[in-house]
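# Tertiary structure, described
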Amino acid sequence: MVKPPFSQEEFLDTYGPTLHYAPPGGFSSVEDYDALVDTHCCFCGQQCGIKLKVKNNAIVGFEPRYDFPFNKGKLCPKGIKRYLQGSHPDRLLHPMRRTEHGYQQITWDEALSETVTKIQEIQAKYGRNSFAMLSGVSLTNEKSYLVGKFARLALQTANLDYNGRLCMVSAGAGNKKAYGIDRASNHWEDITEAKVIFIIGTNIAECFPITTDYIWRARDKGAKIIYADPRMVPMARTADLYLPLRCGSDSALLMSMLHVIIRDGLTDEAFIEAHTTGFGDVRAAVADATPKWAAEITGVPAAKIEQAARWYGEAETGMILHARGLEHQVKGVENVMSCANLALATGKIGKPGCGHSTITGQGNGQGGREHGHKCDQLPGNRDITNPEHRKYICEVWGITDEELPGKGITAQEILNEIHEGKIKGLLSICFNPLVSLPDANFNREALNKLEHYSVIDFFLSETAQHADIVLPGSLQEEDEGTTTSGEGRVIKINAPVTPPGEARRDWEILLDIAGRLGRGKYFQFNNTQEIFNELRLASRGGTADYSGITWEKIVDTQGIFWPCPQTTDEGKVTMHSEHLDDRHPGTPRLYEGGKFYHPDGKAHFNAVNWRESAEVVDDEYPIWFTTGRVVSQYLSGSQTRRIGPLVDQFPHPKLELHPRMAKQLKIKTDDWVTIQTRRGEVIIQANVVNTIRPDTVFMAYHWGGKQSANLLTQRALDPISKIPEYKVSACRVRLASPEEQAEGERTQFLSSRTEKNLPAGYNLAERRKELRR
Ligand code: SF4
């Protein structure tokens, strides 16, 4: 593969990020529109209802959607400004081939032919699994299902994985081990009925802003809020009890809380006896986990651990909520299982105000993780290694078992194998691993080793800049389909506009490649509703059963919670059942009546023993380093770093550190600092805050290049979920030298390059035209 052909400045001038501030026609167009279309915000797993204003096949504005029951008109800054993605100057409008001189516009026929030829050449030379696919979980359910089928039947590779691997997989694996199903336990309305809400490892106010409303409604009715996090994040500042645990110590805290609950007789023995297995092992595992023991590991005073355990254990109802802070660890699955152990031991599950939920982060983080998008999974959340599950999907797809590839490797493992030279070719869609995977320097080296890389995306992300062939795909508002919100509610995404220029809908591109690979007979879809209807059949009988959901039913009811099976008067539904009906109303609350989804119908306790993180502080790297999000940016920032008002709100990453550490290191707010780990270094400005532990520093991860937090993080993986340990690393920090500061300032200037800060007389539009020729 050739190295990126442009200088950094040329890339930025040509493909952005350009900061976009106004819709086509300026703001005067906002009140002059042709249509107002109901759909949903795509910038987090909450999937708030929103209306988009359309004029001349372009999005010109938005209106809140008061009729959608989840957000009832409320939106966060990302939802308000997301419409500025439409008609964006950085949008990819034509297929392109990378040459030594830059990107060259080519025809669709040339782009697809070259992609297909390279797939065939690489697979003929090195074997089918030498060509891998990486996908994004902001795709609709239809596209997620299609990608799973495309990788297995068109590319015929086992090596497909998705960026949900960096997000919710620890929760998914922990949920399945405890409850036999992977979904939030309750619809969010149940949160308002809780008497205690225990929140651990999630910055709710910034990452899931609308959930704040549900928690505050519970608080207005008297609920106590317990908040555990190394940072006193905005919502933790309003909590009744704040537990400032050291990053990576979550399971010690949770084990100790269960120890207190058992010691003080706060368990629900009748529930444990009737509806669970394995409590004896868990009881033994926490026998020595005293608050004093946990205080030494977590840094949280023993009295506070006792208080948290008693408040949660004694309350009539209680909810546990967590997100990536708890899950982005080599102990992510253990941490989730430890939360489940608390909920099960106290019987606080399956009732209003009682539950245990992860807060899904990515746009379709819930639906995208259910229908075969993962290397080990088939549709309906089936297991690709289970003979019965394989048999069912083979029948739906009309293939033999020999034709269905086996279990592949996970996202970071795919990059590892590219680096090792085992995987030679890659097709990716809506995934920016160069910013979002850990140890960015390693992953850049890997991408440069590929023999061929084709990308489907709508902006030229940091990763896409390494592609040989660029296939311009579609934005959310340019395609119809469904997504599933973090609550488990399947909702309808509408398509008020069509893709601009020569860009095409993602599913049409995949169908075209499949046809050219001679596999078109498996992909006879005329529209996305036909894909959804095949997904319904493929999910039937799986734990994530969508078979009783129709698009019409979704629109009539404002969303259906899965599981929603088809029903029949004859009893059990099979693939060949007739007279099926779609009467099932969906399942807003799981586990009612103590019914769980394991074959024995019970919930399973899972014993967890304390162990340390993959990397701990030492004399050389004495400071804990952790990462997270800010309210105005989304994931790798490929979309939100192009929306002017969101960048204005948080233009650059800063290093948060406590005043005590700042004093010791002689650092003040806005000083330039150098952060170093065993993987790399970053030069950014400091932000001295009281709201972080004195032994820990924090950096947001939405930026690429030299501002990337993932230059510093490590590739250590949870052994079960294979999620990377983003939340725990060891680092050192010092004031930057004058040379380093100059480099940091230049990086900062380039990363928000726009007409506002270019030299006088520099015509960016003309320069872009010239470079894109
Ligand atoms: S909370 Fe999430 S879905 Fe709602 S407006 Fe904000 S980013 Fe969009």
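Quick look at the structure, then. (Residues numbered from 1 in each chain as written. Predicted model: local features only at pLDDT ≥ 70, side-chain atom pairs only at ≥ 80, totals over all residues. Heavy atoms only, no water.)

### Description of the state of the cysteines
Considering all chains together, one arrives at zero disulfides under this definition. For the unlinked cysteine Cys167, the closest cysteine sulfur is that of Cys207, found at 10 Å. Residue classification places Cys167 among the buried positions, given a relative accessible area of 5%. (Disulfide = S-S within 2.5 Å. Buried < 20%, exposed > 50% of the residue type's maximum accessible area, 1.4 Å probe, protein only.)

### A closer look at the nonpolar core
If you look at the biggest cluster of nonpolar residues, it comprises 115 residues, and the most contacted ones within it are Met133, Phe150, Tyr179, Phe198, Ile513 and Phe523. With nine residues, helix α14 (residues 332-345) is the largest single contributor of residues to this core. Core analysis: the second largest hydrophobic core is formed by 66 residues, Phe68, Met319, Ala440 and Met661 among them. (Core = buried A, V, L, I, M, F, W, Y, C linked by side-chain atoms within 4.5 Å. Helix = DSSP H or I, 4+ residues; strand = E, 2+ residues; numbered from the N terminus.)

### Some details on the sheet that holds strand β20 (residues 489-493)
Taken in spatial order, the three strands line up as β19-β20-β21 in an open sheet, and their pairing is antiparallel. Edge positions in the sheet fall to β19 (481-484) and β21 (560-561), since each has one partner strand and no second. Direction of pairing for β20 relative to β21: antiparallel, over a ladder of two bridges. From the neighbouring strand, Val490 faces β21, where its bridge partner is Ile560. Sheet strands touched by helix α4 (residues 141-154): β19 and β20. Its angle to β19, the strand with the most contacts, is close to 95°. (Pairing = 2+ DSSP bridges. Contact = heavy atoms within 4.5 Å. Axes fitted to C-alpha atoms, helices over the stretch in contact; angles between N-to-C directions.)

### Some details on the environment of Glu477
The residue Glu477 is located in the loop between β18 (469-472) and β19 in this model. Apart from residues no more than four positions distant in its own chain, Glu477 is found in contact with Leu52, Ile59, Arg82, Gly86, Asn494, Ala495, Pro496 and Val497. Within the structure, the side chain of Glu477 is placed 2.8 Å from the side chain of Arg82, a separation counted as a polar contact. (Polar contact = N/O pair within 3.5 Å; in protein donor to acceptor, adjacent residues only side chain to side chain.)

### So, the pattern of salt bridges
Per the stated rule, a full pass over the model turns up 54 salt bridges. The shortest N-O distance in the salt bridge between Asp512 and Arg504 comes to 3.1 Å. Under the relative-accessibility criterion, Arg504 is labelled partly exposed at 22%. Between Lys668 and Asp671 there is a salt bridge; the shortest N-O distance is 3.7 Å. Judged by relative accessible area, which is 17%, Asp671 ranks as buried. Among the ionic contacts, a cluster of salt bridges with common partners joins Asp38, Lys51, Arg65 and Asp67. (Salt bridge = Lys/Arg side-chain N within 4 Å of Asp/Glu carboxyl O.)

### Observations concerning helix α3 (residues 108-126)
With 19 residues, α3 extends 27 Å from end C-alpha to end C-alpha; this agrees with the ideal 27 Å at 1.5 Å per step. For α3, the full list of buried residues reads Trp108, Ala111, Leu112, Thr115, Val116, Ile119, Ile122 and Gln123. In a view along the axis of α3, the buried residues occupy a sector of 135°, so they form one face of it. What points out from α3, more than 90 degrees from its buried face, is the exposed set Ala124 and Lys125. Lining the buried residues of α3 we find β6 (131-135), β16 (425-429), β17 (452-457), β18 and α19 (506-516). A positive phi of about 105° marks Gly127, the residue just after α3. (Expected span 1.5 Å × (residues − 1). Arc of directions from axis to C-beta.)

### Thoughts on helix α24 (residues 738-751)
Side chains of residues three or four places apart in an α-helix project in the same direction, reflecting 3.6 residues per turn. Over its 14 residues, α24 extends 20 Å from the first C-alpha to the last, a length consistent with the 20 Å expected when each residue adds 1.5 Å. Here α24 has its buried residues at Glu740, Gly744, Thr747, Gln748 and Leu750. Down the axis of α24, the sector holding all buried residues measures 165°, keeping them to one side. Relative to its buried face, α24 has exposed residues pointing more than 90 degrees away, namely Pro738 and Glu739.

### Brief notes about the sheet that holds strand β10 (residues 241-243)
Spatially, β10-β9-β8-β12-β13 is the arrangement adopted by the five strands of the open sheet, whose pairing is parallel. Single-partner strands in this sheet number two, and they are β10 and β13 (355-358). Direction aside, neighbouring strands of the sheet carry axes that sit 15° apart on average. Relative to strand β12 (residues 318-322), strand β8 (residues 196-200) is paired through five bridges, and the arrangement is parallel.

### With respect to the packing of aromatic side chains
The tally for this structure, following the rule as stated, stands at 16 aromatic pairs. Between the aromatic rings of Tyr15 and Tyr103, the centroid separation amounts to 6.0 Å while the plane-to-plane angle is 85°, which identifies the pairing as edge-to-face. Highlighted residues: Tyr15 in helix α1 (residues 8-15) and Tyr103 in strand β5 (residues 102-105), separated in sequence by 88 residues. Considered together, Tyr15 and Tyr103 belong to a single accessibility category, that of buried residues. These aromatic residues form a ring-pair network of at least three members: Tyr179, Phe271, Tyr591, Phe596 and Tyr597. The ring of Phe698 has Arg231 sitting right over it, with the charged end atom 3.5 Å from the ring centre. The ring centre of Trp108 lies 5.0 Å from the NZ or CZ of Arg504, which sits over that ring. (Phe/Tyr/Trp six-rings, centres within 6.5 Å; stacked < 30°, edge-to-face > 60°. Lys NZ or Arg CZ within 6 Å of the ring centre and 35° of its normal.)

### Focus on unusual backbone geometry
Backbone torsion omega between Gly16 and Pro17 reads 10°, so that peptide bond is classified as cis. That bond from Trp562 to Pro563 is cis: its omega, 0°, falls within 30 degrees of zero. One can find Pro563 in the loop between β21 and β22 (603-604). Phi is positive for Asn57, close to 60°, though the residue is something other than glycine. Residue placement: Asn57 occurs in the loop between β2 (49-55) and β3 (58-64). Positive phi is not limited to glycine here, since Leu635 has a value of about 50°. Position of Leu635 relative to the elements: it lies in the loop between β23 (623-628) and α22 (644-649). The exposure class of Leu635 is buried, given its relative accessible area of 16%.

### Examining the packing of helix α15 (residues 387-397) against helix α20 (residues 528-539)
With their axes 9 Å apart at the nearest point, α15 and α20 run at an angle of 150° to one another. Classed by the angle they form, the pair α15 and α20 counts as roughly antiparallel. Judged by the sense of rotation from one axis to the other, the crossing of α15 with α20 is right-handed. On the side of α15, the interface is formed by Tyr392, Ile393, Val396 and Trp397, while α20 contributes Glu534, Leu537 and Ala538. Looking at side-chain class alone, the contact of α15 with α20 contains six nonpolar, no polar and one charged residues. (Parallel < 35°, antiparallel > 145°, perpendicular 65-115°, else oblique. Left-handed = near helix turned anticlockwise from the far one by under 90°. Nonpolar A, V, L, I, M, F, W, Y, C, P; charged D, E, K, R; others polar.)

### A few points about the environment of Thr107
Assignment of secondary structure puts Thr107 in the loop between β5 and α3. Residue class for Thr107 comes out partly exposed when judged on its relative accessible area of 42%. For the pair formed by Thr107 and Arg97, sequence separation is 10 residues and the distance between their alpha carbons is 9.6 Å.

### Details of the pairing of β8
By the criterion of burial, β8 is predominantly enclosed, with five of the five residues buried. A two-sided burial pattern is seen for β8, the buried positions comprising Val196, Phe198 and Ile200 on one face and Ile197 and Ile199 on the other.

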